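Remarks on the overall topology
The chain contents come next:
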Amino acid sequence: MRALVLGKGGREHALCWSLAAGGADVFVMPGSGGIATVADTVAGDPLQTPQVLDAVRRLQVDLVVPGPEEPLVRGIAEDLRAQGIPVFGPDRQGAQIEASKAYAKTLMRAAGIPTAAASLCQDFGEVEQTLAVHPDRTVVKADGLAAGKGVIVAEDASGARRAARRLLGQYKSVLLEERLQGPEVSLIAICRGRDYRLLPFARDHKRLLSGDLGPNTGGMGAFAPVLDTSITAEECAERTIAPLLRLLDDRGMPYTGALYAGLILTERGPMVLEYNVRFGDPETEVLLPAISGSILPWLAGAAAGRLPAESPEVRRHALGVVLAASGYPEDPETGGMIDGIEAAQAGGALIFHAGTLKTEDGLWQVAGGRVLCVVGVGEAPQHARDRAYAATGTIRFPGAQWRDDIGQNRDR
Ligand code: AMP
Ligand code: GLY
């Protein structure tokens, strides 16, 4: 099997690592110096279908795995499938489930999937009207791709008004959503048509600062499996994944790829906050080390039309700490030199590169907002956590930010 992963972040590094462990020859476009230890990097832009097609033909690739959402939203999966190339990812229309929160809400309503009540507002007048009737709709969401940064959880209606005014300056509409309470989990299904297999629950930590303070980010750390939940992943998927896959299939849009449900487990049961049409980042960096063996049979099986009979087996606990650049998420500062990566690896941690650059003399430099995801693996949650934090403590770069409480806020 020759697999081409599209992307260059920590999630793509973890995907390449897992596919290579399954015996695949792995290529990555554009990849990075950090990912080059597990995959051959291929120059090119994953958003340019002709460049991807050219690489697929030249390298005789038999599986394409787009990592981020942008190539999917632009239609890379259907363009490649039209050429007979197996792809693990949804068509352009399926990718709208992530690209438009309003579209996702419409589908959830049609499929009877539990989700927060919400109103779509095109202008500030509509925001005022909504809050007058529903003062509890204080979660403000940009209707468009915003890399996890277009959601503001306001404390009250006046905070929601301020947030909506700001987002309406940047996006054409916003969603005002009822604020839900309960622990959050990420559930990722590997899908083909109506059929799916599940990865265990993972928990992302989206706020920048320890104690769940500060702004939302792309994710500052994660762990898996999450065991102390009020519902199993299988039961949850029956309510939140299966009905959506059935609806899409019935409408002639069978879904292939990862379907990620961001959930709050409320007293009324699981409620969907959002869907993503790809693997989560940093969830993937902990889910793939936690399962037994490689993810390859599931991705290749889905792309070829037949999933393995069982879901991946969960074997270990994994916990990942994201090291972010100074100024992240607003204005990350790049260019600082990173020390201690090799020492952390020698101590047994898995290091997934999210935003690094390898200099000509083999040193590592900060090159993005999220820089590294440092993952510890162990038989018990505490082992995974201790290993991850021991390794994190050996890595240094100017202004590095990380949370010291990944895996601790279990009651949230
Ligand atoms: P999203 O990008 O929609 O997953 O939202 C980002 C984060 O904002 C989530 O991980 C939650 O922590 C929070 N959030 C989003 N929607 C709600 C909601 N309706 N109630 C409470 N918190 C929410
Ligand atoms: N970790 C959140 C996401 O991938 O969207």
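Scroll up a little and you will see the structure.
Given the structure is predicted, the values throughout are model-derived calculations rather than measurements.

Surrounding ligand 1, one finds 16 residues, the nearest of these being Lys 141, Glu 177, Glu 178, Leu 180 and Glu 184. In the environment of ligand 1, an oxygen atom lies 2.9 Å from a nitrogen or oxygen atom belonging to the side chain of Lys 141. Within the side chain of Glu 184, a nitrogen or oxygen atom sits 2.5 Å from an oxygen atom of ligand 1. About the coverage of ligand 1: the protein hides 94% of its 470 Å² of free accessible area.

This part is about helix H12 (residues 296-304). Where burial is concerned, most of H12 is hidden: seven out of the nine residues are buried. On its buried side, H12 packs onto helix H1 (10-21), strand S4 (63-66), strand S9 (184-192), strand S10 (195-198) and strand S15 (256-266). Downstream of H12 by one or two residues, Gly 305 has phi in the positive range, about 105°.

Here we come to the site of ligand 2. With respect to spatial proximity, the complete set of residues near ligand 2 consists of Asp 204, Lys 206, Gly 218, Tyr 260, Asn 276, Arg 278, Gly 280, Asp 281, Pro 282 and Glu 283. In the model, a nitrogen atom of ligand 2 is placed 2.8 Å from a nitrogen or oxygen of the Asp 204 side chain. At 2.9 Å from an oxygen atom of ligand 2 is found a side-chain nitrogen or oxygen belonging to Arg 278. Within the complex, 91% of the 200 Å² of free accessible area of ligand 2 lies under protein. A per-class count over the shell around ligand 2 returns two nonpolar, three polar and five charged.

Bringing the nonpolar core into the picture now. Residues Leu 4, Ile 97, Leu 187, Tyr 196, Phe 201, Ile 241 and Tyr 275 are the most contacted members of the largest nonpolar core, which totals 61 residues. The contacts of Tyr 275, once residues within four sequence positions are left out, are Ile 97, Glu 98, Met 108, Ile 113, Thr 240, Leu 244, Leu 259, Tyr 260 and Ala 261. Residues Ala 24, Leu 288, Leu 299 and Ala 303 belong to the second largest nonpolar core, which totals 42 residues.

Next up on the list: the pairing of strand S6 (residues 139-142). Residues of S6 alternate between two faces, with Val 139 and Lys 141 on one and Val 140 and Ala 142 on the opposite face, all of them buried. Two elements, S6 and strand S8 (residues 174-177), share four bridges in a ladder whose sense is antiparallel. Across the sheet, residue Val 139 finds its bridge partner in S8, namely Glu 177.

Moving on to the packing of helix H7 (residues 124-133) against helix H8 (residues 157-168). The contact between H7 and H8 brings their axes to 10 Å, and the two run at 160°. Between H7 and H8, the angle is such that the two are roughly antiparallel. Every pair of crossing elements has a handedness; the one defined by H7 and H8 is right-handed. Contact residues: Phe 124, Val 127, Glu 128 and Leu 131 in H7; Ala 157, Ala 160, Arg 161, Ala 164, Arg 165 and Leu 168 in H8. Residue composition of the contact of H7 with H8, grouped by class: seven nonpolar, no polar and three charged.

Within the structure shown, the criterion is met by two aromatic pairs. On the basis of an interplanar angle of 70° and a centroid distance of 5.7 Å, the ring pair of Trp 17 and Phe 352 is categorised as edge-to-face. Note that Trp 17 is positioned in helix H1 and Phe 352 in strand S19 (residues 350-353), a separation of 335 residues in sequence. With a centroid separation of 5.9 Å and an interplanar angle of 25°, the aromatic rings of Phe 88 and Phe 279 are classed as stacked. One end of the pair, Phe 88, is in the loop between helix H4 (76-81) and helix H5 (92-99); the other, Phe 279, is in the loop between strand S16 (269-276) and helix H11 (283-290), and 191 residues separate them in sequence. Assessed through its relative accessible area of 3%, Phe 88 is described here as buried. The side chain of Arg 165 reaches across the aromatic face of Phe 124, ending 3.9 Å from its centre.

Right, let's get into the sheet that holds S4. Read across the sheet, four strands follow the order S3-S2-S1-S4 without closing on themselves; strand pairing throughout is parallel. Sheet topology places strand S3 (40-41) and S4 at the edges, where each strand pairs with a single neighbour. Both strand S1 (residues 2-7) and S4 contribute to a ladder of four bridges, which runs parallel. Across the sheet, Leu 6 pairs through a bridge with Pro 66, a residue of S4.

Our next topic: the sheet that holds strand S5 (residues 118-121). Within the open sheet, the four strands sit side by side as S5-S8-S6-S7. Their pairing is antiparallel. The two strands at the open ends of the sheet, each matched to only one other strand, are S5 and strand S7 (151-153). On average, adjacent strands in this sheet sit at an angle of 20° to one another, irrespective of strand direction. On top of the sheet, H7 reaches S5 and S8; it is set at about 160° to S5, its chief contact.

When you line up the elements, Arg 403 lands in the segment after helix H14 (381-392). In this structure the side chain of Arg 403 is engaged in a polar contact, spanning 3.4 Å, whose partner is the backbone oxygen of Leu 209.

Here we come to the packing of helix H6 (residues 101-111) against helix H10 (residues 242-250). Contact geometry for H6 and H10: axes closest at 9 Å, N-to-C directions at 95°. The angle between H6 and H10 places the two elements in the roughly perpendicular class. Here Leu 107, Ala 110 and Ala 111 of H6 lie close against H10, whose contacting residues are Pro 243, Leu 244, Leu 247 and Leu 248. Of the residues assigned to the contact of H6 with H10, the class counts are seven nonpolar, no polar and no charged.

What counts and what doesn't
- Residues numbered from 1 in each chain as written.
- Chains lettered and ligands numbered in written order.
- Predicted model: local features only at pLDDT ≥ 70, side-chain atom pairs only at ≥ 80, totals over all residues.
- Heavy atoms only, no water.
- Near = heavy atom within 4 Å.
- Polar contact = N/O pair within 3.5 Å; in protein donor to acceptor, adjacent residues only side chain to side chain.
- Areas by Shrake-Rupley, 256 points an atom, 1.4 Å probe, with all protein chains shown as cover.
- Buried < 20%, exposed > 50% of the residue type's maximum accessible area, 1.4 Å probe, protein only.
- Helix = DSSP H or I, 4+ residues; strand = E, 2+ residues; numbered from the N terminus.
- Contact = heavy atoms within 4.5 Å.
- Nonpolar A, V, L, I, M, F, W, Y, C, P; charged D, E, K, R; others polar.
- Core = buried A, V, L, I, M, F, W, Y, C linked by side-chain atoms within 4.5 Å.
- Pairing = 2+ DSSP bridges.
- Axes fitted to C-alpha atoms, helices over the stretch in contact; angles between N-to-C directions.
- Parallel < 35°, antiparallel > 145°, perpendicular 65-115°, else oblique.
- Left-handed = near helix turned anticlockwise from the far one by under 90°.
- Phe/Tyr/Trp six-rings, centres within 6.5 Å; stacked < 30°, edge-to-face > 60°.
- Lys NZ or Arg CZ within 6 Å of the ring centre and 35° of its normal.

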